[in-house]
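The lines below spell out each chain.
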Amino acid sequence: MKASVIKTESILNKAGNKEFTNVYQAGSLHIAAQKIDGDHLFKHINDTANEYIVVLSGNFSIWTESGVCEGTSGDIICIPQGLEHGNIKGNDARILILEN
């Protein structure tokens, strides 16, 4: 077993102009990167995982069935499993999504 470092800048470079880029998966941990500028509709429910959205830069908001969550650089948005969410909006936002 070995520890590893995941450089956030390299993650965001992998994302390029793609809407969603899978970066790392080990067991139940899944990490993805996203660049968001504008509105995106993607309502869904994670039945088996909590979702954590780390806002690395820019402004980001996401609709949840319990209300809208807004974050800026340095914030972490926590979405518990079973909570419907989606309809994301970003203003030149760069985010990491962690599911576990």
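Above this text you will find the structure in question.
Now for a description of the structure that goes with this document. Once a new chain begins, its residue numbering starts again from 1 and follows that chain's sequence as written. Reporting in this predicted model follows two pLDDT cut-offs: at least 70 for local features of residues, and 80 or more for side-chain atom pairs to be given and counted; totals over whole chains, interfaces and linings ignore these cut-offs and use all residues. Hydrogen atoms and water are omitted, and side-chain values are computed over all heavy atoms in the structure.

## As for the environment of G86
Here is step 1 of the chain: The way it works is that DSSP assigns letters per residue, a run of H or I at least four long becomes a helix, a run of E at least two long becomes a strand, and they are numbered from the N terminus. Its place among the elements puts G86 in strand β6 (residues 85-99).
Here is step 2 of the chain: Residue G86 is classed as buried on the basis of its relative accessible area of 1%.
Here is step 3 of the chain: Considered as a pair, G86 and I62 are 24 residues apart in the sequence and their alpha carbons are 5.9 Å apart.
Here is step 4 of the chain: Note on contacts: a residue pair qualifies if any of its non-hydrogen atoms lie within 4.5 Å across the two residues. Setting aside residues up to four positions removed in sequence, G86 forms contacts with F42, K43, I62 and W63. Think of it in three bands: residues with accessible area under 20% of the maximum for their type are buried, residues over 50% are exposed, and the middle band is partly exposed, with areas taken using a 1.4 Å probe on protein chains only.

## Focus: the pairing of strand β3 (residues 51-64)
Here is step 1 of the chain: When DSSP locates at least two bridges between a pair of strands, those strands are taken to pair. Sheet topology places β3 next to strand β5 (residues 76-79); 4 bridges connect them, and they run antiparallel. If you follow Y52 over to β5, its bridge partner there is C78.
Here is step 2 of the chain: As paired strands, β3 and β6 are joined by 11 bridges and run antiparallel to one another. Bridging across to β6, I53 finds its partner in I97.
Here is step 3 of the chain: Relative to strand β4 (residues 67-72), β3 runs antiparallel, the two being bridged by 6 bridges. In the sheet register, F60 faces β4, and the bridge partner there is G71.
Here is step 4 of the chain: The hairpin formed by β3 and β4 contains 2 residues between the paired strands.

## Observations regarding the nonpolar core
Here is step 1 of the chain: Remark: nonpolar core denotes a set of buried residues (Ala, Val, Leu, Ile, Met, Phe, Trp, Tyr, Cys) joined through side-chain atoms within 4.5 Å. One finds I53, F60, I62, I77, I79 and I95 to be the most contacted residues of the largest nonpolar core, which totals 13 residues.
Here is step 2 of the chain: Elements that contribute at least two residues to this core include exactly β2 (29-40), β3, β5 and β6.
Here is step 3 of the chain: Not counting the four nearest positions on each side in its chain, I62 is found in contact with I53, G67, V68, C69, I77, I79, H85, G86, N87 and I88.

## Let's talk about the environment of I36
Here is step 1 of the chain: Mapped onto the secondary structure, I36 falls in strand β2.
Here is step 2 of the chain: Taking C-alpha positions, I36 is 5.8 Å from D92, a pair spaced 56 residues apart along the chain.

## Some points on unusual backbone geometry
Here is step 1 of the chain: Although it is not a glycine, N87 adopts a positive phi angle of roughly 50°.
Here is step 2 of the chain: Positive phi, close to 50°, is recorded for D92, a residue that is not glycine.
Here is step 3 of the chain: Residue placement: D92 occurs in strand β6.
Here is step 4 of the chain: Its relative accessible area of 52% is what places D92 among the exposed residues.

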